[in-house]
Every structure is written in structure tokens, then in C-alpha cells.
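# Inside the fold
The primary structure of each chain is shown beneath.
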Amino acid sequence: MLAFHWPSSRGSQHGATTVACAGAPNAWLRITPDNRIAILAEKPELGQGAWTYSAMMVAEELEADWSTVSVRQAPTIPSIYPGLHTGGSGGVAASFHHLRTVGDQARELLLRAAAAHWRVPRRECSARNGAILHIPSGRVLSFGELACAAARLRPPPLESVRLKPSSEFRYIGRAMPRVDAHGKVTGAARFGIDVRVPGMLYAVIARCPHFGGRLAHFDAAASYRVPGVRMVFPVLPLPRRFNTAGGVAVVAESTWAALQGRAALSVRWHEERPAGEGSEDIHRLAEAGAAGPAIYVAVDRGNARRALRFAASRWQADYESPFQAHATMEPMNATVHVRRESIEVWAPTQFADEIQAEIASLARLAARQVVVHTTFCGGSFGRRYQWDYAAEAWQVAAQLRQPVQLVWTREDDMQHDFYRPYNYQRLCAGLDGSGYPVAWLTRVVTTPIAATNLYTDRVETPERLRDPATIAALEWFGADVTPYAIANCRIDYAPLKSRVPRSWWRGVSSSYTPFAKECFIDELAHRAGRDPLQFRLELLPENESAARRLRAVLQLAARVAGWGSPLPDRHGRGIACRFGSTVHAQVAEVHVLEDGTVRVLRVVGAVDCGLAVNPDGVQATIEGGINFGLTAALCAQITIERGGVAQSNFHDYPVLRLHQAPLIDVHIVPSAESPSGVGELGAMLIAPAVANAVFAATGIRVRRLPIAARELRRNEPRGASQPPPANDRAAVRS
Amino acid sequence: MKPVTLTVNERTVTLRVDPQMPLLWLLRDSLGLTGTKYGCGIGLCGACTVHLDGVAVRSCQVPAESIAGRKVTTIEGLSGDASHPVQRAWIVEQVPQCGYCQSGQIMQAASLLAENPHPTRAQIEAAMSGNLCRCGTYQRIRRAIERAAAGG
């Protein structure tokens, strides 16, 4: 079969623009004579719709017939595909210019090939729905018929690229169906755990239940009596940047046999003395950290301390959210085949190029000797930005001649995650005589991500990790009050020591900073006797673009949600918003039952994400983010006992279930601005929106997540002799 | 290891397996039917849902020895081409995100509708609350089931 390999340039977001030669395996798209178009998606498909938006962007400028388009994953060759990793809600924005350019250049080649074939001027030809039309004569050639001729032409220069104005878009801006939906409703879609390679074995690892622990002794005699168990051997912990626990690997002919073999294993771990940390220790250290010195001042506008001193009154409150697990439905796994001079890896990953680099460094091979196949990911949410599970699978495979699939059980996954940092925020406002803030101080205290992460040649080096700004960078973002017009603002940061591994979790710090900020604003509104929506609007300056965009989403969400209309007893609405490259507001409506259970009935979201490339994808992603955030707001938390994670499966880390899921309406503000991301967005605001709604329904202020139903029971005694409930405890008048 | 004979997607198969091995691993590792997913191993997430004699069960909780002579249908056997009304509704409503839990969701929904062709919203919630989705596609799952019940 003849294939049209279309090489292209990198988009401007990568700085350099290079044009590779045709025929190289650096194709972004392939058009075959049977008129099929295969688009190679650089971004992995985690559920966020990367394959679909990638195809839409290319197809738009190519003038492709959507029914002929298919998508496959680009190979892990970072010199050709430097954008293989995805995170930070950045995929759409990073791809938008580049992938349209790919489509534009390929269309131009097809036009030139057609013009040459017909011996007519190029300007008499036009591309339409998968074919080139010669306008004066009405002759038509399909892309497939032109593919071979077009492949022989030189790519047009980048200067000739003329991208369409948004008014001419046929695919972008329309709700396009997901290209991966068919495989995902028939069971055909292959995830990492579904990889089946001839001769493959299965492995699990027994890991130390407390972080930093080491293997003391193991006896595998009983494991070897399990039919199908082939090998049992120790696996050493890898250096810090891998953060693997080490332990004992059990290799078998089936996953079940490996699990049985592990259950039969006798293992002893070195105990930590004194016993390892617990959640209470971390909480105590955090309270001290909230009052102690900061290592970094992130925002310092005006003079917040002075303004606080001279304010008419003050209000202070502490907010706390626990460690959280990613709990992807597909637990961690990777399949590795170590050969003499090469290694083949199949992994569900957000970061295939890092896995390639890390395994190459472990095996002392060149990166090109490590072939990494990226599979579909059964959820990711930041977890698959780590490479520990692939490194472990390599450790096991290095002892074998066959390929081996390392599977983590749910318990392994829950107890050896890289958790969303524990965080504690102390907010203090100085108020004027009418109750409006003139000074705002936030102390953010967390177990920082940077201390347990280290990338090869990328973001962090040991030197940078000693830099307070690097440590604080991932922790405080989202705490700044802009565009609220508060003249004096200081946001500073203090780290906490902990052995618990941490990493990105959907929204990173913006998964918890809006909880404190938007609830505290709500507190100030109620104290000032103002409606929380009006109070926010009054804090937004009139003639500022950021404030205008935020006001628009606040008003849209409020209007659709029926803000201000009466509700039954113990029902309430809460609002929250955030400003970033994407601007978002949410209104949650809750019913707090007599026993304190919070039922979230409805959530209205309004979003300004620039041009919504796939509006249905935007809505689906925000709906998903809201449900994801509701698990953390209402249901689940990770606690630490004796240096390890107390939870192990969905019985004690109860993820939101269907009967708890609210109705959700997501409204998109029409915009022709460049697109911005929504992957993490929904998860950022649902906790403050719900907590504010709970206050509206009950008068009880939630300052700690997940929301504790027992503190919201009707007629819970709260007399002076009673200790105040924990949700209210942090409030002090200063 | 003991021989077990059962029918999977209308094919009769005989396998020599550990009698205690859950149906989940028999399907995935012995038969290569990887559409049925592992999620928790303790019957709490529903990712491994298949039909046993037409009824939704958690295959991680069904030992191989208990299914001799019985009829198993997996997502691969629901229809070869996504033509089952539940699958069609799933595509119309654009339910899947990561897609990992969807085999189990679809098998659970198909079982519900086979038993109760016109469920109320409360009945849908009761039937589907054992199936977790971490991407949060619940709102679309509800809509897709209502669509399938209404005939597409």
C-alpha cells in the first residue's frame, strides 16, 4: 500500500519550526489511495478527547471528509513529536495553531498535485470535503487519488500558511462525535492492562505498606506451590525521582496466579522507629506552619500587613483539605520486554517521552533503543505523569527473557499513589467600615509536590529544588485574589515535611486554593450582610477585561441557576468563580438532609474558554471535572496512619456514585479568542460552590473537606458548653 | 487445575484452570477477552460486569468452578458492531471519556433494560450505582439509558 507521509513543522508554541523530509516516520497524517486519512495524535487519549480535537484541527484546514478520518497514536519519537506529554489543561491550546498548520500544508500539496495533473493554474482549484475541484471544468479528484503525487512535492513554506478565520470553520466550534467512542462501547479499545504480547507473563509486587520502608526478609516457598507461579524475587527501591517502593515481585502465567502467589508470600518489612507519621502529626505541623515563617512570598501588592493593622475590623479562618488519591479506574500497569539491545514498553501514560528517557537511563541505553507504545489510559488526572510503574515493570522484565505485564491491584494503586498534597490555608482579611476587604493575606501550607518529584532535564533539577520559588510554584497558584479589587494582598507559602509521595492531581493547587478563597469571600459577603453574588460583582472593577470576563460568567451561571429565587428549608445555593486563561463560575444547589447528608441537586457552570473547539467535549470534560471534584468534596480522603495510607479500596475511598451525581448544565460563553483548556476546570470550583451552598442551607460554615455529614445534622447541639464542630473550629475573631 | 466447560459469547469452551480463579481473569487472561475490566477485585466498582445466564454479575466475584455449563456474555458478545440499543444510545449521548468503566456500565444497563424496559430514574439510579466512573460520565449514562429505553 502506498502511503502519503506528510511531514510538517512544529507549531510556534515549540519555538523552532523545522520541516522534515517526506517518507520519514514523522508523519502527522497519512492519506492512502483508498481515500482514508489517518491522523497521528501526538497527545495521548486519557479520556479528555485528545484524539478527537486533534483530528478536528487537522481536518478543518485540510478540508477533509470527516467520515474518512481515523486517528492513531503517534510513536514516541520526541525529536519529531516534542509534545507527546499532556497536562495542565494545555493540550488544546498547545495544538491549536500547529495542527491546523499541518492540515493547511497538506491541503496545499494536494491542490498543487491536482493543478499539475490537470495542467491548470493552482488558483482555479479548490479543496472541498475530501476532494480537489477544478472550478472552471467541474473535474474532481479525491485526496486518495492525489496522495501519491502530492507526496512527491516539496512542502510549501510556512510563510504561505493561511489559516481560516473562525467564521469559515466547518468542524471547529461544532459538537463533533468522539473518534474513540465506538471502540469504547464494544470493548475493542485497548488500555495498558489489555496489552497481550505472545509469551507474556504477569507480575505483581508486594510493597512495603509504609513509605520509605525496606524489605527485611521474605520466604517464597508457599508462593512457588501456587500453580502457574514462575519466579519470585526481590525488587529494590529506585532512587528518589522514581519513587518506587521496592518489594518482592511474583511472576506467573496469569494475573490470578500472580495474585495468589503474592498472597502466599511471607514478607517482613523493617519497621520505622519511632512509628511513622500520621494525619494528626501533619495537621499539627500545618497549624504551626500557618503561624510560622514563610519561605516564599508569592504575591505582595500594596502593604497587606499594614492595611490589616489599620483596618476597621478583621476576619480570619483556616481551611484544610486532605491528601487525595487519583483512583483511576484502570490501576497502574505497564508491559515491558527487555531484549539484548532494546526494550519495548507498552504503557498507559501522559508522559511517554519521560518513560522512554527514564527507562533508557536505568538500562544504560540510548533513548532510541527504548520503544514506548502509548495505549489508551483508563483515566489519568495527573497520575500517569509519573513513571514509577513503568520503571518497576522494567525492573521485573530485566530478570526475564519474556515480556511481562506488571499489574497493580486496586489496593496497590490506592496505597502507592502520588497524592494530591495535603494543604492548610490561613486567610485573614482587613475590612473597611462597610465590611469590604482592604487587606487580604493567605498563608498556604502544603506538603509540596516538588520535594517528591524530579524530572530528567526538564522542569526540576536538584539545584532548583533548593529554590523556594520552585517549591512554592506548584502550591500557591490559584490563591491570588485578582481580579477582585483588593488593594493590599499578600500570598505566602510554608512547606511541610512528609514522606507521603505527592504529585499533580486534577487542578494541582487550583484543586484546593479556590476552596479557601471562594469560601472566605463568601464569609466576608455574609458578614457584610451582602448577597454573595453581588458582593463578588462589587469587588470587580468596571473597566478591566479580566473583571469583565469574570462578571459575564458569574452572571450567566447565576441567571441559569435562578440565583435569588426562593428554595425550601435546608436547601441552598452557593457560587464560586475563578479567573485564569479560562474563566469559570459555578452555582451549586444543595439539599442538606436531616442526618447531615449533602445532596447536590444541580450544578450550573458557565465557562469562557475562548473558542470552544469541540463544545460537547468542553461540556463533557467540565461535567466530569465536577463529579471528580465532588468525590473530594463529599466522599473520600486519604489519611495516613503509621507512615502508610489507611485506605485501600473503594469501600474506604468511596468515589462518587451515579445516584449522588447532580444534574449539570454547562454554558459556554461565545468567543472567538484563542482556545484555552478546561481539563481541570470543573474540579476546581465545585468544593467552594457546594460548601457555600451548605452555608446558605444550614448556616454552618464548612472549612474542612470532605464535608462531614455529622456536623450538619439538624438540631445538633452547639451550645457554649459543647466543643465547636471541626468545620467551624478554625474561625476566630482577631 | 480442573477442566471447566462453559459457553462464552455463544462459543463453548473448555479450559483447565484453578477452580477458584474468578471469571474475570478467565476471560481476560485465558480467553483474551479484555473488554471486561479489572477495577477493584472486590465487587465494588462494576468494571468487570458481564451477563451470567442473561443477568449482570461482577465477574471478579464468580469463581470458575461455579459457572460450569452456564452461559456468559461479555461486552464483545453484546453485539459485534455496537448495534445493541444501549451501545447506540451510548454513542448518541457521547458517554465515554476514558472508556475504561464503560464495558461494565453498558453490560449493567443492558441487563437492567432486559429486565425492566422502562425504568424510572430512581430505578436507573438503583441499578447503576454499583458501577463507578471516575471520569464522571454519570449524567450522560442516565440520559443514554433513558434514550435506549425510549427506543433510541
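Residues numbered from 1 in each chain as written. Chains lettered and ligands numbered in written order. Predicted model: local features only at pLDDT ≥ 70, side-chain atom pairs only at ≥ 80, totals over all residues.

## Side note on the overall build of chain A
We count it as follows: Elements are defined by DSSP. Helices are runs of H or I of four residues or more, strands are runs of E of two residues or more, and each kind is numbered from the N terminus. Note on method: radius of gyration uses C-alpha positions; expected globular size equals 2.2 Å times residues raised to 0.38. Every C-beta atom is placed from the backbone, and the number of other C-beta atoms within 10 Å of a residue's own sets its class: buried at 20 or more, exposed at 12 or fewer, partly exposed in between.
For chain A, the count of helices and strands is 18 helices and 27 strands. Computed over its C-alpha atoms, the radius of gyration of chain A comes to 28 Å, within 12% of the 27 Å expected for a compact globule of 734 residues. Structurally, chain A occupies a C-alpha span of about 90 × 70 × 50 Å along its principal axes. For chain A, the proportion of its 734 residues judged to be buried stands at 57%.

## Notes on the overall build of chain B
So the rule is basically this: In this description, a residue-residue contact is defined by the distance between C-beta atoms placed from the backbone, which must lie within 7 Å.
Within chain B one finds six helices and five strands. Counting helices and strands in the order they occur from the N terminus, chain B gives β-β-α-β-β-β-α-α-α-α-α. In terms of C-alpha radius of gyration, chain B reaches 15 Å, essentially the compact-globule figure of 15 Å for 152 residues. Expressed as a percentage of the 152 residues in chain B, the buried residues total 59%. Counted over contacts in chain B with a minimum sequence separation of 6, partners at least 24 positions apart contribute 61%.

## Remarks on the sheet that holds strand β3 (residues 49-52) of chain B
Residue and element names in this part refer to chain B. For clarity, the cut-off: Think of it this way: DSSP has to see at least two bridges between two strands before they count as a pair. As a rule, the C-alpha atoms of each element are fitted with a line to give its axis, helices using only the stretch in contact, and angles between N-to-C directions run from 0 to 180 degrees.
Taken in spatial order, the five strands of this open sheet run β2-β1-β5-β3-β4, and their pairing is mixed. The sheet is open, and its two edges are formed by β2 (11-17) and β4 (55-58), each paired on a single side. Between one strand axis and the next, the sheet turns by 40 degrees as a mean value, whatever way the strands run. Of the strand pairs in this sheet, β3 and β4 are connected by four bridges, and their pairing is antiparallel.

## Considering the interface of chain B and chain A
Condition: In this classification, Asp, Glu, Lys and Arg are treated as charged, Ala, Val, Leu, Ile, Met, Phe, Trp, Tyr, Cys and Pro as nonpolar, and every other residue, Gly included, as polar.
The interface is formed by 45 residues belonging to chain B together with 49 residues belonging to chain A. Within the residue set of the side of chain B that touches chain A, elements represented by two or more residues are α1 (23-30), α2 (75-78), α3 (85-92), α4 (102-115), α5 (121-128) and α6 (138-149) of chain B. Considering only residue class, the side of chain B that touches chain A consists of 24 nonpolar, 16 polar and five charged.

## What to know about the nonpolar core
Residue and element names in this part refer to chain A. Operational definition: We define the nonpolar core as any set of buried residues of the types Ala, Val, Leu, Ile, Met, Phe, Trp, Tyr and Cys, connected via C-beta atoms lying within 7 Å of each other.
In this structure, A203, V250, V345, A390, I686, V690 and V694 are the most contacted members of the largest nonpolar core, which totals 282 residues. Considering each element in turn, this core owes the most residues, 14 residues, to helix α17 (residues 681-698). Discounting residues that sit within four places of it in the chain, I686 has contacts with Q586, A588, V603, I626, G629, L630 and A633.

## Some thoughts on the environment of S510(A)
Residue and element names in this part refer to chain A. By the secondary structure assignment, S510 is in the loop between β21 (488-495) and α13 (513-527). For the pair S510 and L474, spaced 36 residues apart in the sequence, the C-alpha separation amounts to 9.3 Å. The residues contacting S510, other than those within four sequence positions of it, are F477, G478, E680 and M684.

## Comments concerning helix α7 (residues 279-291) of chain A
Residue and element names in this part refer to chain A. We count it as follows: To estimate how far a helix should reach, multiply one less than its number of residues by 1.5 Å. In this description, one arc is meant: the one made by directions from the helix axis to the C-beta atoms.
For α7, built from 13 residues, the straight-helix expectation of 18 Å at 1.5 Å per residue is met to within 8% by its first-to-last C-alpha distance of 19 Å. Those residues of α7 not exposed but buried are I282, L285, A286 and G289. All buried residues of α7 lie within an arc of 105 degrees about the axis, which places them on one face of the element. Structural note: α7 exposes E280, R284 and A291 on the side pointing more than 90 degrees away from its buried face.

## Observations regarding the pairing of strand β1 (residues 2-8) of chain B
All names here are of chain B. Sheet analysis places β1 next to β2, joined by seven bridges and oriented antiparallel. Bridged to K2 within β2 is V17. Between β1 and β2, which pair antiparallel and follow one another directly, the connecting turn spans two residues, one of which, N9, has a positive phi of 50 degrees.

## Some remarks on the confidence of the model for chain A
The criterion, for reference: The predictor attaches a confidence to each residue, called pLDDT, with possible values from 0 through 100.
Confidence along chain A averages 92 in pLDDT terms, with 93% of residues attaining 70 or more. Scored below 50 in pLDDT, residues 1-26 of chain A makes 62 contacts in the model with residues more than four places away or belonging to other chains.

## Quick word on the sheet that holds strand β7 (residues 139-142) of chain A
Residue and element names in this part refer to chain A. If you trace the three strands from one edge of the open sheet to the other, you get β5-β6-β7, paired in antiparallel fashion. Only two strands of the sheet have a single neighbouring strand rather than two, namely β5 (125-128) and β7. Neighbour to neighbour, the strand axes of the sheet diverge by 25 degrees on average, direction disregarded. Strand direction decides the pairing type here: strand β6 (residues 131-134) and β7, joined by four bridges, are antiparallel. In the strand pairing of β7, H134 is matched with R139. Docked against the sheet, helix α2 (residues 91-118) engages β5, β6 and β7, running at close to 135 degrees with respect to β5.

## A word on α2(A)
Residues and elements named next belong to chain A. Short version of the rule: Here the bend at each residue means the angle between axes fitted to two seven-residue stretches, the one ending at that residue and the one beginning there.
Look at α2: 40 Å from first C-alpha to last across 28 residues, which is about the 40 Å you get at 1.5 Å a residue. For α2, the principal kink sits at H97 and spans about 35 degrees. Summarising burial for α2: 20 of the 28 residues are buried, a large majority. In the segment just after α2, R119 is the residue with positive phi, at about 55 degrees.

## Re the packing of helix α16 (residues 615-635) of chain A against α17(A)
All names here are of chain A. Our working rule: Roughly parallel means an angle under 35 degrees; roughly antiparallel means over 145; roughly perpendicular covers 65 to 115; every other angle is labelled oblique. Here a crossing is taken to be left-handed if its near helix is turned anticlockwise relative to the far helix by less than a right angle, and right-handed if that turn runs clockwise.
Packing of α16 against α17 brings their axes to within 7 Å, and their N-to-C directions diverge by 50 degrees. Between α16 and α17, the interaxial angle falls into the category oblique. Pair α16 / α17 crosses with right-handed handedness. Here α16 contributes I622, E623, G624, G625, I626, F628, G629, L630, A632 and A633 to the contact with α17, which in turn contributes L681, G682, A683, I686, A687 and V690. The residue makeup of the contact of α16 with α17, split by class, is eleven nonpolar, four polar and one charged.

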